[in-house]
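# Descriptive structure summary
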Amino acid sequence: MKIVDAGYEILDPLNGEEILKKIERVARVCYKSEDKITEGSAEKMVRALIKSNHMAMLEHYSFSVKFICDRGVSHEIVRHRVASYAQESTRYCNYNKSGDVAFIRPVFFDEDTPEMDNWVDSCMRAEKTYNYLISEGRTPQEVRSVLSNSLKTEVVMTANLREWRHFLSLRACGSTGKPHPQMLEVAVPLLKELRERVPVVFDDLEPMEWETVK
């Protein structure tokens, strides 16, 4: 059995300045004001678009993020419909062949506690049963039923800037209630990185403090 930490990886190079310039070029088509593009005008334009809630212009730039999380969190990620997904398949991935079954470390259980010990034990029993059933000739799509939501998965989400704002407002900022702790584990650092790499677009989204996760 393998225990791994959750995480994420941005799969596209993000040049914040160029992203703003593209959004400005697109938006100015609406007003036929391309002649007003100057040095620094993109930031002012995008800030005005967000302030006026003219979010459709943000749909003209997309990027992909690969999340490493447990199956439970992945179920929440793929509920966002204005996006495209690719996810590790438990129907076709044979974890008996690939080595140890991997589970995501739960952030809400401290090490060397009865809760953590019981979680580890349940994962080990699931792995043992999984390997036994595979050895008996059962298929991965049948045997996956013994695995828990703690199973590690990888899911790539591709979305435009508008949908990333919506996703992060829910999953990192808690705009409609407190997100699941293990969702915050990946969404909060992602939002913080995007606020640094893409000026203006994510500035108004305030991530929850990590201390509130547990």
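Scroll up to find the structure.
A brief structural summary. Along each chain, numbering runs from 1 in the same order as the chain's sequence is written. Local features in a predicted model are, by the rule used here, given only for residues with pLDDT of at least 70; side-chain atom pairs are given and counted only at 80 or more, and totals for whole chains, interfaces and linings are based on all residues. Side-chain numbers come from the whole structure's heavy atoms, not from hydrogens or water.

### Here's the deal with the pairing of strand β6 (residues 152–160)
Consecutive side chains along a regular strand alternate between the two faces of the sheet. Any two strands with at least two DSSP bridges between them are considered paired. Comment: elements are numbered from the N terminus, with helices defined as DSSP H or I runs of at least four residues and strands as E runs of at least two. Sheet topology note: the strand β3 (residues 62–70)/β6 ladder contains nine bridges and is antiparallel. Following the sheet pairing, D70 is matched in β6 by K152. As paired strands, strand β4 (residues 84–87) and β6 are joined by four bridges and run antiparallel to one another. Bridge pairing links Y85 to M157 in β6.

### Remarks on the pattern of salt bridges
Salt bridge criterion: a side-chain nitrogen from Lys or Arg within 4 Å of a carboxyl oxygen from Asp or Glu. Under the criterion given, the structure shown has 18 salt bridges. In this structure, R125 engages D121 in a salt bridge whose closest nitrogen and oxygen atoms are separated by 3.0 Å. Taken as a pair, R125 and D121 lie in helix α5 (residues 114–135) at a separation of four residues, close to a single helical turn. Since its relative accessible area comes to 37%, D121 is described here as partly exposed. A salt bridge links E142 to R138, with the shortest nitrogen-to-oxygen separation between them at 3.1 Å. Categorising residues by exposure relies on relative accessible area from a 1.4 Å probe, with only protein chains included: less than 20% of the type maximum marks a residue as buried, more than 50% marks it as exposed, and the intermediate range marks it as partly exposed. Here R138 falls in the partly exposed class, since its relative accessible area comes to 45%. Look at the salt bridges and you will find they share partners, linking E9, K66, E88, K152 and E154 into a network.

### Description of α5
Here, expected helix span is obtained from the residue count minus one, scaled by 1.5 Å. Under the 1.5 Å per step criterion, the end-to-end length of α5 is 32 Å for 22 residues, consistent within 8% with the ideal 32 Å. All of the buried residues in α5 are M116, W119, C123, A126, E127, Y130 and I134. Down the axis of α5, the buried side of the element spans an arc of 100°, and every buried residue falls inside it. Across α5 from its buried face, at more than 90 degrees, point the exposed residues P114, N118, K128 and S135. Should any heavy atoms of two residues lie within 4.5 Å, those residues are counted as being in contact. The inward-facing, buried residues of α5 abut β1 (2–4), α4 (95–98), β5 (102–104) and α6 (140–143). G137 sits one or two positions beyond α5 and adopts a positive phi of about 95°. Starting at the helix axis, one direction is taken to each C-beta atom, and the arc is that of these directions.

### A look at the nonpolar core
In globular proteins that are soluble, nonpolar side chains generally tend to be buried together. Think of a nonpolar core as a cluster: buried Ala, Val, Leu, Ile, Met, Phe, Trp, Tyr and Cys residues, connected wherever their side-chain atoms sit within 4.5 Å. Core analysis: the largest hydrophobic core is formed by 48 residues, its most contacted members being F67, W164, L168 and F202. Counting residues per element, the ones that place at least two in this core are α1 (16–31), α2 (41–51), β3, α3 (71–77), β6, α7 (161–171) and α8 (181–197). For L168, the contacting residues outside a window of four places in its chain are C173, A187, L190, L191, L194, F202 and L205.

### What about the packing of α1 against α2?
Comment: axis = line fitted to C-alpha atoms, over the contacting stretch for helices; angle = value between 0 and 180 degrees taken between N-to-C directions. It is the contact of α1 with α2, at a shortest axis distance of 8 Å, that shows an interaxial angle of 65°. Considering their axes alone, α1 and α2 lie roughly perpendicular with respect to each other. Judged by the twist between their axes, the crossing of α1 over α2 is left-handed. Here α1 contributes L20, K21, I23, E24, A27 and R28 to the contact with α2, which in turn contributes S41, A42, E43, M45, V46 and L49. An angle counts as roughly parallel when it lies under 35 degrees, as roughly antiparallel when it exceeds 145, as roughly perpendicular when it falls between 65 and 115, and as oblique in every other case. A crossing counts as left-handed when the near helix is turned anticlockwise from the far one by less than a right angle, and as right-handed when that turn is clockwise.

### A few points about the sheet that holds strand β2 (residues 7–10)
With respect to topology, four strands assemble into an open sheet ordered β2-β3-β6-β4, the strand pairing being antiparallel. Only two strands of the sheet have a single neighbouring strand rather than two, namely β2 and β4. Ignoring strand direction, the axes of neighbouring strands in this sheet form an average angle of 20°. Both β2 and β3 contribute to a ladder of four bridges, which runs antiparallel. When the sheet's bridge partners are listed, E9 is paired in β3 with K66. The sheet contacts of α7 involve β3 and β6, and relative to β6 the element is tilted by about 130°.

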